[in-house]
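Residue-level structure breakdown
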Amino acid sequence: ISSGNPTVQTLACSILTALLSEFSSSSKTSNIGLSMEFHGNCKRVFQEEDLRQIFMLTVEVLQEFSRRENLNAQMSSVFQRYLALANQVLSWNFLPPNLGRHYIAMFESSQNVLLKPTESWRETLLDSRVMELFFTVHRKIREDSDMAQDSLQCLAQLASLHGPIFPDEGSQVDYLAHFIEGLLNTINGIEIEDSEAVGISSIISNLITVFPRNVLTAIPNELFSSFVNCLTHLTCSFGRSAALEEVLDKDDMVYMEAYDKLLESWLTLVQDDKHFHKGFFTQHAVQVFNSYIQCHLAAPDGTRNLTANGVASREEEEISELQEDDRDQFSDQLASVGMLGRIAAEHCIPLLTSLLEERVTRLHGQLQRHQQQLLASPGSSTIDNKMLDDLYEDIHWLILVTGYLLADDTQGETPLIPPEIMEYSIKHSSEVDINTTLQILGSPGEKASSIPGYNRTDSVIRLLSAVLRVSEVESRAIRADLTHLLSPQMGKDIVWFLKRWAKTYLLVDEKLYDQISLPFSTAFGADTEGSQWIIGYLLQKVISNLSVWSSEQDLANDTVQLLVTLVERRERANLVIQCENWWNLAKQFASRSPPLNFLSSPVQRTLMKALVLGGFAHMDTETKQQYWTEVLQPLQQRFLRVINQENFQQMCQQEEVKQEITATLEALCGIAEATQIDNVAILFNFLMDFLTNCIGLMEVYKNTPETVNLIIEVFVEVAHKQICYLGESKAMNLYEACLTLLQVYSKNNLGRQRIDVTAEEEQYQDLLLIMELLTNLLSKEFIDFSDTDEVFRGHEPGQAANRSVSAADVVLYGVNLILPLMSQDLLKFPTLCNQYYKLITFICEIFPEKIPQLPEDLFKSLMYSLELGMTSMSSEVCQLCLEALTPLAEQCAKAQETDSPLFLATRHFLKLVFDMLVLQKHNTEMTTAAGEAFYTLVCLHQAEYSELVETLLSSQQDPVIYQRLADAFNKLTASSTPPTLDRKQKMAFLKSLEEFMANVGGL
Amino acid sequence: ALRKNGFVVLKGRPCKIVEMSTSKTGKHGHAKVHLVGIDIFTGKKYEDICPSTHNMDVPNIKRNDYQLICIQDGYLSLLTETGEVREDLKLPEGELGKEIEGKYNAGEDVQVSVMCAMSEEYAVAIKPC
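All values derive from a computational prediction rather than experimental measurement.

Right, let's talk about the overall build of chain A for a bit. Along the backbone of chain A there are 47 helices and two strands. Along the longest, intermediate and shortest principal axes, the C-alpha atoms of chain A span 100 × 90 × 55 Å. Look at the contacts in chain A between residues 6 or more apart in sequence, and 77% of them connect residues 24 or more apart. Only carbon and sulfur atoms are counted for the fraction: they give 49% of the accessible area of chain A, which is about 44,400 Å².

Here you go:
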C-alpha cells in the first residue's frame, strides 16, 4: 500500500476487498465448509482488530490522494478502489459481542446496514479528522459521478453512526454538530450535481432517523437552524427538479427519489412536538408546502409541465387502467405535505381555499362559454380543451392535498380530526360568525365571496365548502348536458375527498376529543341541521353520479364507497334513511331499471351492500318492515316468480330470464357482503332460502357455465362472510347446502366433454371457486365468533346424534371432487396453486384422522401433491406442506399401525425433510416448520432416522468433518433420547436444531 | 353492463369476453373499453375498442341438451324434450365428432349439448347419461 506503485496498490486493495468479503456474513462469502457459528466467531475477531486496521490503511491512502493535485487516470482509478473499500468497511454489519447463536443466521439477510460499530472503534471513528477527510474527498471528486456515489455513501454511513461507540450523550452531540458543520460547508453555495441528489438526501435522512431528538436539539441553536434551513432549501429545490424530470419523462428519476427521502425525513422530524417549541417548523413547512403546490399548478400560479426554459409541454398519453391513481402513487408525498400543511394550518388552509375558490369560478365560466358555443353552433367540435384540462389538473392536485391535510386514512380504526386542525379551528372560533359559516357551507351554488361577511367564517369549513363548490359546478354541468366536457378524474377526486372527510368529521363523536371546535359541532355534530343537510347533499351526489357515470367504473366505485361510508356507522345511517332520496334509490335499484342496472357488477354488489346496511339503522318497526318490503322482498318475489313458472325449464334460456337470474345472484353476493355480527341472523335466514333454490338452478343451468360459476360464487360469499358467526345448527344447514351443491356439480360434470374454446378457463374458475368455498368452510375451525350458548346447545346429546353432515364430510367430498380434476398444468396458475395447497394443509391439520380413510387413489394423489409442493413449488407452498406433515405423523403415532399407507408415506417424507435440513441450502424462514415436522417424523421412524445419519456419516471422507457431524448429530438428539411426542422434548429438540443448523450449515 | 365471462358481438360475430380493460387518453379523458373476445363457434379472436358509453350488441345464447338417437349421413338425429326429433344438426368435426360416433357405435346413451346464437347452431359438448 505504501509502495507508491499503482499496480501494487491495486493488488493490495483487491486482497483487502476479498478478505472483507470472506469475513463478512454476506452471500459473497464462498462456501468453504465453515459452520455458521465458527464463521461468526471469526468475524467477531476480525472486526475488532483487522477490519479496523484495514480502515486505517484505507484512510491513509485516501488522505494521501486527497492532498495531491492533478491525478492521472491510473492514480484516480486506484483512488476510486480505495474509496469503494472504505465504503465497504463503513457498511460492515457489526456483530455485537454477546449475541445468541441463532441470530447469526438472521443477520445475513438484512440490508441497508446502519453503522453500529463496537466500542473498540471509538478512537478511530470519533476522530474528527476521519469525518473531515470524507468531506474533503467528496469535495474533490464530486464531479465524477461514479466516485461521488461512493464518497456520499461513506458519508451516509457516517451519518448513521450510533451505538456503544458513543461513551455519553455529549460525545454524540459533538459528533453530530461536527458532522452537520461539515455537511453544510460542503453543500452550501454549490450547485448540486444530479448524481449527488440521492446521496445527499440519504445523509440527511440518516441523521434525522438515527440521532435522537434530544441530541439534535442539543447542538448549537444557530447550527441547527442552518441545518433546517438547508433541509428546507434542498427539499424545495429537489421538488422542482423532480417535476422537471416528470415533464421530460426520464427513466431514472433521481430527484424524485431524493425528494421522497427528504419529505419522509420531514415527517419524522415534525411528528415530535416534545422537543421543539410550537411553531418552530411553521415557516419551513410553509415553504415546502408552497413549493409543492407551485410545482403542481399550471402557470401562471405554478410551474407544472414547464420545462427548465419555461416552455409548456403537453401531451395526451394513453393511460391504462393499471396505472395507479395519483392519490395512491404519491400517497407518501401527499401524507408528508399534508402533515406540513397541518403544522402551518394558518397559512395553508386559507391558501388552499383561495386557490380552489378561484378555480371553481374559472371552471364555471369556462364551462358556460363552452355551452354557449355549443348552443350557437351545435356540432362544432373545435373546442380547445387545454384550458379545461389545466383547470381539472389544478383542482385534482388541490383536492388531493386538501384531503391529506384535513383527514387521515385509517383502516379499521376510527379516524380522528387531526389535533392541529381542531386547535386551529378553536383558536379562531371567537372571531367566527357561525351563521355565516353555515351559510357558506349550505350554499355550494353561490360564490363564497358573494356572501356578506364571508371573511368571518371558519376556515376549515370554508375549505370543505370550496370542495363542495367544485362538486356543485360538476353537478350543474351534468344537468346542462355537458358531461362529455367533464373530467371523470375530477369526479373521482371529489367523491374520494368527501368519503375521507365524512369518515372523520361527519357526526363527530365528542367523547373522543378533549375539546371540540364550536363551528365543527354546530355544523356537523349530532342532531344538527348542518349534518342532516350535508348527508342529503352527499346522497344526492351519489345518486347523480351513479346515474351519470355508470360507464366510468372507477368513479362509480368511489361513489358507491362513499355511500357505504354514509351507512356503515349507525349514527350516520340513522340520518341517511330519513332522506326521501334514499328510499327512491332503494326502490329504483330494486326495479332493475336504467340507469342503475347499467352499473358494472362490482358496483351493483356494493350498492346492494349499502342498501342492506342502511336497513339496520334505527327505525320504528313499521318503517323497518316497509324498508325491507322495498329492498329485499322484491328480490325474493321476482326470483320466485321466475323459477316457479310451470315452463321454467323451457324458458330458462331466454335472455330476459337469464338476465333476471344473473341480477338476483349478483344481488345475493352483495347482501352477503353486508353481513355484520348484529345482522347475520336475519341475513342468513334470508339467504338460506335462496341457496336451496340455487341448487335447483344448478340443475336447470347445468349446460350454462357462466351461470354455474356465479351460483358457486354466491355460496363462496355466504360462507366467507357468515360461517364464522353461525351456531352449530345453522352451520350445519350451510354445510348441507354446500354438500348438495358439490354433488350436483359433480354429477353434471362427470364425464362431460366440451369442445368450446373457453372450456379450460371456465373449469379453472369453477375449481378455484370450489376451493375457496372449502377453505372458507374450514376457516370456521380457526375463527369462530358464534354465540357460545348456541354452540353448547349443539353439544346436547340428542342433537349431536342428529348431526347429518360435518364440515369434514363436505370438505373431503369436495377434495374428492377436485383432486381428479387437478393437473400439474393447472397448478401453474399461481392463485390456483396457492389456494390448493392452503386447502390441503388445512385438511391435514384439522382432520388428520380422516386422511387414512381416504380412497386409495385420493390418498395417493394427496401424498404426491405434498411431495410436489415440498420439492418443486414456491417457498410459501413448501412451508404449507411442511406444516401439513406434523399432524399426519402424529396421526400415525396415535394409530400405531406400522403397515398403513400413511405410515409408509411418512417414512418417505422423513428422508425428504432430512435432505432439506441437512443437505440443501437452507432457507432459515423454514426452520421452525421443517423442524417440527422433522421431530415428529423422527419420533415415528427412529430406526430409519439412525440409518439416514449413518449413511451420511459413512460418506464423509474427511475425519475432522466426520467427527464434527457425528458430534452435532449426537448433541441434536441428546436432550430428547428416546424421542417421544412430548411438548417439552420437542421444544428442546427445536432448540438444539437451531444450534445444529448453525454448526453444520454450510458444511 | 358487459362483464367478463359474458358475451358480446364483435365484428358481427358472437363472442365470449375473455378480456376487458379500460384506458383513457390523458388523465382527464373519458374511459374507453378494450374488449377481447373469442368467437364461440370458431374460436377466432376478435378485439375492439370503444368509448365506455357506447352501446354494444350482446348475442342471445341458448343452450339445449338433446338425447342422441342416431347418426346419419354426417347429421345427428336428436330427441328434444318435447318429444320431437331434430335432424338438421351436423356431426361436429374433430375430436368431439369422433367421440360422439364412438359412443354411438358402442351403443352408449349420450346427451348432446347444442349451443345456438345469432342463427347459428352447433353441438358443443356431450355427456354420458
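Time to look at the domain arrangement of chain B. Residue and element names in this part refer to chain B. Domain assignment breaks chain B into domain 1 (6-51) and domain 2 (61-128). Computed over C-alpha atoms only, the centres of domain 1 and domain 2 are separated by 31 Å. Counting residues at the interface gives seven residues for domain 1, matched by eight residues for domain 2. Taking both sides of the interface into account, the surface hidden between domain 1 and domain 2 amounts to around 640 Å²; carbon and sulfur atoms contribute 79%. It is Phe 7, Ile 40 and Phe 41 in domain 1 that bury the most area against domain 2; as a group they hold 69% of the surface buried on that side. Summed over the shared surface of domain 1 and domain 2, the result is one salt bridge.

With that settled, consider the confidence of the model for chain A. In this model, chain A carries an average pLDDT of 89, and 94% of its residues clear a pLDDT of 70 or more. Confidence drops under pLDDT 50 across residues 791-801 of chain A; counting only partners more than four residues distant or on other chains, this segment forms seven contacts.

Residues and elements named next belong to chain A. With 18 residues, helix α22 (residues 488-505) should cover 26 Å at 1.5 Å per step; its first-to-last C-alpha distance of 25 Å lies within 8% of that length. Sitting at the head of α22, Ser 487 places a side-chain oxygen 3.2 Å from the backbone nitrogen of Gln 489. Downstream of α22 by a residue or two, Leu 507 has a phi angle that is positive, lying close to 60°.

What follows is about the confidence of the model for chain B. Confidence in the prediction for chain B averages 91 pLDDT; 100% of positions are at 70 or higher. ipTM for the predicted complex: 0.91, alongside a pTM of 0.89.

A few words now on the packing of helix α13 (residues 254-270) of chain A against helix α16 (residues 331-343) of chain A. Residue and element names in this part refer to chain A. Put simply, α13 and α16 touch, their axes get as near as 9 Å, and they point 40° apart. Relative to α16, the element α13 lies oblique. Along this stretch, α13 crosses α16, giving a crossing that reads as left-handed. Here Met 256, Tyr 259, Asp 260, Leu 263, Glu 264, Trp 266, Leu 267 and Val 270 of α13 lie close against α16, whose contacting residues are Gln 333, Ala 335, Ser 336, Val 337, Met 339, Leu 340 and Ile 343.

Below, the discussion takes up a negative patch on the surface. Residue and element names in this part refer to chain A. Residues Glu 246, Asp 249, Asp 251, Asp 252, Glu 257, Asp 260, Glu 264, Glu 317 and Asp 332 make up a contiguous surface patch of negative charge. The dominant element in the negative patch, judged by the number of residues it contributes, is α13, at three residues. With respect to the secondary-structure elements, Glu 317 resides in the loop between α14 (282-296) and β1 (318-320).

So, on to the interface of chain B and chain A. In this assembly, 44 residues from chain B lie in contact with 56 residues from chain A. A per-residue breakdown of the area chain B buries against chain A is headed by Lys 27, His 28 and Arg 63 of chain B, which together make up 20% of the total. The tally of links between chain B and chain A comes to six salt bridges. The partner of Asp 326 of chain A in a salt bridge is Lys 27 of chain B, and the shortest N-O contact between them spans 2.6 Å. Elements with a contribution of two residues or more to the side of chain B that touches chain A: β2 (13-25), β3 (31-39), β5 (61-72), α1 (94-105), β8 (110-117) and β9 (120-128) of chain B. Looking at the side of chain B that touches chain A, the element that brings in the most residues is β2 of chain B, giving eight residues. By residue class, the composition of the side of chain B that touches chain A is 14 nonpolar, 16 polar and 14 charged. Two elements, β1 of chain A and β2 of chain B, share three bridges in a ladder whose sense is antiparallel. Looking across to β2 of chain B, one finds that Glu 318 of chain A is bridged to Thr 25 of chain B.

Here, the residues flagged by UniProt with the feature "domain: Translation initiation factor 5A C-terminal" (unreviewed entry) are residues 60-127 of chain B. Along residues 60-127 of chain B the backbone is 18% helical and 57% strand, and the end-to-end C-alpha distance reaches 24 Å.

Residues and elements named next belong to chain A. If you walk through the whole model with that rule in mind, you get 42 aromatic pairs over all chains. Ring-pair connections join several aromatic residues into one group, and the members of that group are Phe 914, Phe 934, Tyr 935, Tyr 945, Phe 969, Phe 989 and Phe 996. Residue placement shows Lys 43 over the ring face of Trp 92; its charged tip is 5.3 Å from the ring centre. Sitting over the ring of Phe 65, Arg 68 keeps its end group 5.5 Å from the ring centre.

Phe 134 and Trp 582 of chain A are the most contacted members of the largest nonpolar core, which has 341 residues in total. Per-element tally for this core: the top contributor is helix α33 (residues 680-700) of chain A, with 13 residues. Of the domains in this structure, domain 1 (6-250) and domain 2 (881-1000) of chain A are the two that each give at least three residues to this core. Not counting residues up to four positions away in its chain, the partners in contact with Phe 134 of chain A are Phe 55, Leu 62, Leu 83, Ala 86, Leu 90, Cys 154, Leu 155 and Leu 158 of chain A. Ranked by size, the runner-up nonpolar core spans 14 residues in total, among them Leu 76, Leu 91, Leu 96 and Val 114 of chain B.

Next up on the list: the domain arrangement of chain A. Accessible area lost on assembly of the parts is the figure often given for the size of an interface. Domain boundaries assigned for chain A yield domain 1 (6-250) and domain 2 (881-1000). A C-alpha centroid distance of 44 Å is found between domain 1 of chain A and domain 2 of chain A.

Right, let's get into the side chain of Ser 550 of chain A. For Ser 550 of chain A, the position within the fold is in the loop between α24 (529-548) and α25 (553-568). Excluding anything up to four places from it in sequence, Ser 550 of chain A contacts Asn 545, Phe 598 and Leu 599 of chain A.

Before going further, it helps to examine the packing of helix α35 (residues 728-749) of chain A against helix α39 (residues 807-818) of chain A. Residues and elements named next belong to chain A. Viewed as axis vectors pointing N to C, α35 and α39 meet at an angle of 20°, and their least axial separation amounts to 9 Å. By the criterion of interaxial angle, the relationship of α35 to α39 is roughly parallel. In the crossing of α35 with α39, the sense of the turn from one axis to the other is left-handed. Taken together, the residues of α39 that come into contact with α35 (itself represented by Tyr 735, Cys 738, Leu 739, Leu 742, Gln 743, Tyr 745 and Ser 746) are Ala 807, Asp 809, Val 810, Tyr 813, Gly 814 and Leu 817. Considered class by class, the residues forming the contact of α35 with α39 number nine nonpolar, three polar and one charged.

Turning our eyes to something else, we now look at the sheet that holds strand β2 (residues 753-754) of chain A. Pairing in this open sheet of six strands is antiparallel, and the strands run β2(A)-β9(B)-β8(B)-β5(B)-β6(B)-β7(B) from one edge to the other. Of all strands in the sheet, those with a lone pairing partner are β2 of chain A together with β7 (85-90) of chain B, marking the two edges. By the bridge criterion, two bridges tie β2 of chain A to β9 of chain B in an arrangement that is antiparallel. Looking at the pairing, Gln 753 of chain A lines up with Ile 126 of chain B of β9 of chain B.

Let us look at unusual backbone geometry. Negative phi characterises most residues that are not glycine, and trans characterises most peptide bonds. Residues and elements named next belong to chain A. Each neighbour pair has its own omega, and for Ala 299 with Pro 300 the value is 10°, a cis peptide bond. Residue Pro 594 is joined to Pro 595 through a cis peptide bond whose omega torsion reads 0°. Checked against the element boundaries, Pro 595 lands in the loop between α27 (580-590) and α28 (601-614). One non-glycine residue with positive phi stands out, namely Asp 527, at about 55°. Here Asp 527 lies in the loop between α23 (518-524) and α24. Owing to a relative accessible area of 80%, Asp 527 belongs among the exposed residues under this scheme.

Calculation notes
Residues numbered from 1 in each chain as written. Chains lettered and ligands numbered in written order. Predicted model: local features only at pLDDT ≥ 70, side-chain atom pairs only at ≥ 80, totals over all residues. Heavy atoms only, no water. Helix = DSSP H or I, 4+ residues; strand = E, 2+ residues; numbered from the N terminus. Contact = heavy atoms within 4.5 Å. Areas by Shrake-Rupley, 256 points an atom, 1.4 Å probe, with all protein chains shown as cover. Domains from an automatic or database assignment. Buried area = accessible area lost by both parts, 1.4 Å probe. Salt bridge = Lys/Arg side-chain N within 4 Å of Asp/Glu carboxyl O. pLDDT = per-residue confidence, 0-100. Expected span 1.5 Å × (residues − 1). Polar contact = N/O pair within 3.5 Å; in protein donor to acceptor, adjacent residues only side chain to side chain. Axes fitted to C-alpha atoms, helices over the stretch in contact; angles between N-to-C directions. Parallel < 35°, antiparallel > 145°, perpendicular 65-115°, else oblique. Left-handed = near helix turned anticlockwise from the far one by under 90°. Patch = residues over 30% accessible without salt bridge, like charges linked within 9 Å, V, L, I, M, F, W, Y side chains within 5 Å. Lys, Arg positive; Asp, Glu negative; His and termini not counted. Charge placed at Lys NZ, Arg CZ, Asp CG, Glu CD. Nonpolar A, V, L, I, M, F, W, Y, C, P; charged D, E, K, R; others polar. Pairing = 2+ DSSP bridges. UniProt positions renumbered as here; feature names shortened; annotations may be inferred. Phe/Tyr/Trp six-rings, centres within 6.5 Å; stacked < 30°, edge-to-face > 60°. Lys NZ or Arg CZ within 6 Å of the ring centre and 35° of its normal. Core = buried A, V, L, I, M, F, W, Y, C linked by side-chain atoms within 4.5 Å. Buried < 20%, exposed > 50% of the residue type's maximum accessible area, 1.4 Å probe, protein only.

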